[in-house]
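Chain residues, written in single-letter form:
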Amino acid sequence: MAGLACATWLHRAGRQVLVLEAADAVGGRVRTDLTPEGFRLDRGFQVLLTEYPEARRIFDYGALDLKAFKSGAVIRLADGRETTLQNPLQRPLAAFSALASPIGTLTDKLRILSLVRHVAKYSPDELLARPATDTLTFLRRYGWSETMIDSFFRPFFGGVFLDRSLGTASNFFEFVFQQFVRGAAVVPARGMQQLPEQLAARLPAGTVRLNTRVARVEGQIVQLENGETLTAAAVVLAVDGSVPAALLPGRALPENGAIAGARRTTCTYFATPAGSPAPGHRNGLLRLNAHPTQLAHNVVFPAEVAPAYAPAGRQLISVSTHGEHGLTEADLTRRLREELLAWFGPQVLAWEHLRTYPIVNALPEYAAGQPVQLPLRLADNLYRCGDWSSYPSLNAALATGRQVAEELLNC
Ligand SMILES: Cc1cc2nc3c(=O)[nH]c(=O)nc-3n(C[C@H](O)[C@H](O)[C@H](O)COP(=O)(O)OP(=O)(O)OC[C@H]3O[C@@H](n4cnc5c(N)ncnc54)[C@H](O)[C@@H]3O)c2cc1C
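Given the structure is predicted, the values throughout are model-derived calculations rather than measurements.

A. The environment of Gly206, seen in detail. Summarising the element assignment, Gly206 is placed in the loop between helix H10 (194-201) and strand S9 (208-209). Its 7 C-beta neighbours within 10 Å are what place Gly206 among the exposed residues. Residues Gly206 and Val19 lie 187 residues apart in sequence; the distance between their C-alpha atoms is 9.0 Å.

Here it is, written out as structure tokens:
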């Protein structure tokens with residue numbers, strides 16, 4: 001996304017760009033596989049928040065035919081009870097009081113209102129620039145009860161951060177909270193990969209070279225793994241994680257060790273057999289698990305909101321497990337089925353296991369004290385962009401891509 005954003009802005013300004021992509025399609029961590037039966041499997045459950053300033057700048061939302069999840073969630077509490085929260089961040093009093101919700105005290109609900117008002121005072125960039133602690137400490141200092149934290153914040157924002165410990169920096173929490181309050185969580189009708197595809201489609205033919213892995217970069221010379229050598233006026237590394245260092249042997253990067261580790265997640269897809277009743281209640285809500293030790297952290301029925309995610313008459317079930325679970329695919333699938341049996345009943349036994357995606361470097365860790373952005377200019381005519389040089393979000397990938405393009409245009 002960062003590389004495509006950079007290429008988009010450069011192309012719009014009339015510059016010639018070449019995008020070298022190692023994989024067989026654009027998108028990086030935003031990919032969707034279409035199965036022979038017609039299921040669209042995003043490689044990991046992921047949504048676009050419509051209020052992301054950078055997304056609004058660059059995407060044509062209308063053409064993406066965005067499908068919104070309802071604001072809210074069905075939360076399965078640690079004791080097995082379920083509670084439904086509609087619009088918990090937009091209408092906290094109504095949401096948490098609904099059906100005498102067992103989540104949180106009245107004070108907890110009022111505190112959500114207070115946080116809604118607090119984040120409304122700032123722009124997204126101002127929130128990201130705020131002094132930070134870890135999110136758990138921030139929530140405790142704000143005064144929320146442990147019950148509220150464990151049954152709402154941990155499953156909801158732990159799912160966003162892929163970090164149930166809530167160790168992620170609080171400035172990023174405040175930013176994400178604001179984005180959820182202001183906008184919707186959506187997927188393009190035909191899968192998340194439509195986002196990078198839209199950007200790639202606007203570039204002139206031949207701009208993106210797929211299946212083209214860069215082996216190293218020396219000055220303005222780019223050496224491809226296939227032996228080919230290219231020369232460019234400027235080179236932008238829009239790669240993930242520790243890849244920049246591998247491409248620049250012998251060069252110290254200016255982050256002073258600021259890049260931390262990665263958050264991992266595993267996405268397991270199931271499908272209902274043809275003709276069986278739909279397992280969801282067609283309510284388009286995320287299901288979150290507040291149980292501290294179970295493996296199913298959230299369950300989503302993408303075709304409830306975006307019908308093209310599943311062929312007619314079948315339902316797709318996406319189950320996310322965050323962190324290291326140490327299980328084989330077969331054991332994880334069996335354990336998830338056992339857990340989901342308690343959620344949805346014996347129909348789970350008939351669900352077909354479609355595919356499992358373990359995603360090791362899903363998100364960069366982003367801890368309190370980490371800079372909102374590392375230097376994007378590495379040397380003369382050499383730049384980097386992507387969430388790994390900023391904070392873990394599509395917004396950061398798109399923003400850093402644009403910023404590098406602007407720096408290049410100002411050269
Ligand atoms: C499961 C999951 C859920 C997520 N959920 C959300 C969410 O709900 N909301 C949100 O905002 N963000 C979410 N994210 C984060 C978001 O997807 C990323 O922040 C964003 O896609 C990062 O884009 P990027 O361009 O920085 O990096 P990447 O997508 O990692 O792109 C790097 C690219 O570089 C290519 N590459 C690497 N090495 C080479 C080489 N040597 N030569 C050529 N090409 C190379 C890779 O193939 C890849 O295409 C999620 C991520 C995952 C994995």
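After that view, the rundown keeps rolling.
B. Representation of helix H13 (residues 329-344) within the structure. Given a rise of 1.5 Å per residue, 16 residues ought to cover 22 Å, and the 21 Å separating the end C-alpha atoms of H13 matches this to within 8%. For H13, the full list of buried residues reads Leu332, Leu336 and Leu340. Downstream of H13 by a residue or two, Gly345 has a phi angle that is positive, lying close to 85 degrees.

C. Up close: the domain arrangement of the protein chain. Considered domain by domain, the protein chain is made up of domain 1 (2-31 + 193-260 + 371-410) and domain 2 (70-183). The straight-line distance from the C-alpha centre of domain 1 to that of domain 2 is 34 Å.

D. Molecular detail of the nonpolar core. Among the nonpolar cores identified, the biggest contains 112 residues, and Ala5, Cys6, Leu316, Ile317 and Leu398 are the most heavily contacted of them. Take this core: its biggest share by element is 8 residues, from helix H14 (residues 394-410). Not counting chain neighbours up to four residues away, the residues in contact with Leu398 comprise Met1, Ala2, Ala5, Glu54, Ala55 and Ile58.

Reading guide: rules and limits
Residues numbered from 1 in each chain as written. Predicted model: local features only at pLDDT ≥ 70, side-chain atom pairs only at ≥ 80, totals over all residues. Helix = DSSP H or I, 4+ residues; strand = E, 2+ residues; numbered from the N terminus. Buried ≥ 20, exposed ≤ 12 C-beta atoms within 10 Å, placed from the backbone. Expected span 1.5 Å × (residues − 1). Domains from an automatic or database assignment. Core = buried A, V, L, I, M, F, W, Y, C linked by C-beta atoms within 7 Å. Contact = placed C-beta atoms within 7 Å.

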